[in-house]
Amino acid sequence: MRMVDLIDKKVAGGELKHEEIKQIIDGFVSDEIPDYQMAAFMMAVVFQGMTDRETADLTMSMMYSGEIVDLSEIKGIKVDKHSTGGVGDTTTLVVAPLVAACGGTVAKMSGRGLGHTGGTLDKLESIPGVCIEQPMSRFKEIVNNIGVAVIGQTGNLVPADKKMYALRDVTGTVNSIPLIASSIMSKKLAAGTDAIVLDVKTGSGAFMQTVEDAEKLARLMVQIGRLVGRSCVAVITDMNQPLGLAVGNALEVREAVQLLSGEISKGDPLYEVCMLLGVHLLLLSKLASDEDEARAMLEGALSRGEGLEKLRQMIAAEGGDASYICMERIDELCKVKHKLEVRAKKAGYISSIHAERIGTAAQMLGAGRATKQDVIDPAVGLVMNKRLGDYVAENEPLCTMYINDDTRLDDALETFYSGLEISENKPDYRPMIYDIVRE
């Protein structure tokens, strides 16, 4: 069938067959189908949606468009986690080594950050010497030796997604749950792990602005995993404020080291989300019989310093200077020309935090990329002094900005202030965790 006929079929609300979806993906990757026809097809998906079966077929066709990673040489059940993106979301640097310290096998390939903050790879590269571009043989060796590695994605992993995402970004077709789910899951499935924990964010700093949309995305991704024989769990977590207090690459590494050093207490949002993700990674690894046992294992590894030691081992294995990964030296990664305390203009309760604007303010200081060509300054960013619902006095510090280049400081300040609302009344309680989707 011609591509125009397949577009017409989807525009009319028809359900595409497996071979028709494969024809579209194969043709697009081989350049037989031009961008304008693919854009038209994706716009039809935005308006007409896809069935779960269609989305699973799309995911698998995208997955098989390039290299499939074979991790069979790695011992044990290989697990991975994925976040749909947020601000101050440094969970990987805490969860991955903690799970490894409990006997888990964490084999994670990540992409680079683009937008209001850097990604996990950018955070790792703020540590001197770390090389995230490891050969696959070395990746497997590291995971077999220490139980955890986080590296950059291989060059030919899901080329269909690379082409589709670039096109979606400029054609208004980003906001589609089937297209989002297939983009995420095709990369996760191609990366070769046996089980995946998905952290689906919802709120002002997330792509899924409502809990309902986050639920739809979570359930669809778990369903795709089940259809292709992979174990998946999705947790739906709040992103109506930065998850951690630090927003910026070395600053977030420091916060991860603080947590792994026992400096961050139970009840803290970052601590609790890390524990939740770790619990489900251990359960999928069949290393714990229930959530209580899994949490006890994680907290034991944390209290004994074993998670911090695993992080050091991973950094060293990837060429980094692991001597920075301790409370005595971690501040050295966060040295900047000057720091600025951003103060409250009036007294009251912090009634709203627009997390994306907080992240954008950090990006303006150099902590994130507006384009793929931008160079990140690993030391800069900001550290929040207050959380949602906290009382703040007039002129009390709201955050501390870490600055090397003040070219866009005024813009960063304006964006930061626009991201906070201070009012007389304390806001309603928001849960940190909304739901857990297992099937």
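Everything numeric in this text was worked out from a predicted model, so none of it was measured.

### A few points about the sheet that holds strand β2 (residues 105-110)
Move 1: The sheet built from six strands is open, its strands ordered β3-β2-β1-β4-β5-β13 with mixed pairing. The outermost strands of the open sheet, each flanked by one partner alone, are β3 (148-152) and β13 (433-437). Neighbour to neighbour, the strand axes of the sheet diverge by 20° on average, direction disregarded.
Move 2: In this structure, strand β1 (residues 78-83) lies alongside strand β4 (residues 195-202), joined through five bridges in parallel fashion. When the bridges of β4 are listed, Asp80 appears paired with Ile196.

### Observations regarding the layout of surface pockets
Move 1: For the second largest pocket, the calculated volume is near 370 Å³.
Move 2: As for the second largest pocket, its lining consists of 17 residues, and the residues nearest its centre are Gln241, Pro269, Leu388, Tyr429 and Arg430.
Move 3: When the residues that make up the lining of the second largest pocket are grouped by side-chain class, the tally is seven nonpolar, three polar and seven charged.

### Section: the sheet that holds strand β11 (residues 397-403)
Move 1: Spatially, β6-β9-β11-β7 is the arrangement adopted by the four strands of the open sheet, whose pairing is antiparallel. Among the strands making up the open sheet, the edge pair consists of β6 (246-247) and β7 (338-343).
Move 2: Across four bridges, strand β9 (residues 381-384) lies against β11 in antiparallel orientation. Residue pairing in the sheet places Gly381 in a bridge with Tyr402 of β11.
Move 3: Lying on the sheet, helix α15 (residues 355-367) is in contact with β6, β9 and β11; it crosses β9 at an angle near 140°.

### Some points on unusual backbone geometry
Move 1: The phi angle at Val158 is positive, at roughly 50°, despite the residue not being glycine.
Move 2: By secondary structure assignment, the location of Val158 is in the loop between β3 and α8 (159-171).
Move 3: Its identity is not glycine, yet Lys286 carries a phi of approximately 60°, on the positive side.
Move 4: Accessibility expressed as a relative area gives 69% for Lys286, which makes it exposed.

### Description of the packing of aromatic side chains
Move 1: Enumeration according to the criterion identifies two aromatic pairs in this entry.
Move 2: Centroid distance Tyr349 to Tyr391: 5.4 Å. Interplanar angle 75°. Geometry classified as edge-to-face. Pair noted here: Tyr349 is in strand β8 (residues 348-353) and Tyr391 is in strand β10 (residues 391-392), with a separation of 42 residues, a long-range link.
Move 3: Look at Phe416 and Tyr417: their rings are 6.2 Å apart centre to centre, the planes differ by 70°, and that puts the pair in the edge-to-face class.
Move 4: In this structure Phe416 comes out as buried when scored by relative accessible area, which is 0%.
Move 5: Directly above the ring of Tyr324 sits Arg329, whose terminal nitrogen or CZ lies 4.0 Å from the centroid.

### Some points on the nonpolar core
The nonpolar side chains of soluble globular proteins are, as a tendency, buried together.
Move 1: Within the largest apolar cluster, 153 residues are counted, with the highest numbers of intra-cluster contacts made by Met38, Phe41, Leu382, Met401 and Phe416.
Move 2: When neighbours within four sequence positions are excluded, Leu382 is seen to be in contact with Leu245, Ala246, Val247, Leu251, Ile358, Ala361, Ala362, Cys399, Thr400, Met401 and Phe416.

### Some remarks on the pattern of salt bridges
Move 1: By the definition in use, this model includes 30 salt bridges.
Move 2: The residue Lys22 makes a salt bridge to Asp26 at a minimum N-O spacing of 2.6 Å. Of this pair, Lys22 and Asp26 both sit in helix α2 (residues 18-29), four residues apart, roughly one helical turn.
Move 3: By relative accessible area, which is 40% here, Lys22 ends up partly exposed.
Move 4: Between Lys386 and Glu396 there is a salt bridge; the shortest N-O distance is 2.9 Å. Here Lys386, found in the loop between β9 and β10, pairs with Glu396, found in the loop between β10 and β11; they are 10 residues apart in sequence, far enough to count as distant.
Move 5: Take Glu396: its relative accessible area is 25%, and that puts it in the partly exposed class.
Move 6: In this structure, a network of salt bridges that share partners links the residues Lys266, Glu272, Arg295 and Glu299.

Calculation criteria
- Residues numbered from 1 in each chain as written.
- Predicted model: local features only at pLDDT ≥ 70, side-chain atom pairs only at ≥ 80, totals over all residues.
- Heavy atoms only, no water.
- Pairing = 2+ DSSP bridges.
- Helix = DSSP H or I, 4+ residues; strand = E, 2+ residues; numbered from the N terminus.
- Axes fitted to C-alpha atoms, helices over the stretch in contact; angles between N-to-C directions.
- 1 Å grid on protein atoms, 1.4 Å probe; cavity = no way out; pocket = protein on both sides within 12 Å on 5 of 7 lines; lining within 4 Å.
- Points joined across faces, edges and corners; volume = space filled by probe spheres on them.
- Nonpolar A, V, L, I, M, F, W, Y, C, P; charged D, E, K, R; others polar.
- Contact = heavy atoms within 4.5 Å.
- Buried < 20%, exposed > 50% of the residue type's maximum accessible area, 1.4 Å probe, protein only.
- Phe/Tyr/Trp six-rings, centres within 6.5 Å; stacked < 30°, edge-to-face > 60°.
- Lys NZ or Arg CZ within 6 Å of the ring centre and 35° of its normal.
- Core = buried A, V, L, I, M, F, W, Y, C linked by side-chain atoms within 4.5 Å.
- Salt bridge = Lys/Arg side-chain N within 4 Å of Asp/Glu carboxyl O.

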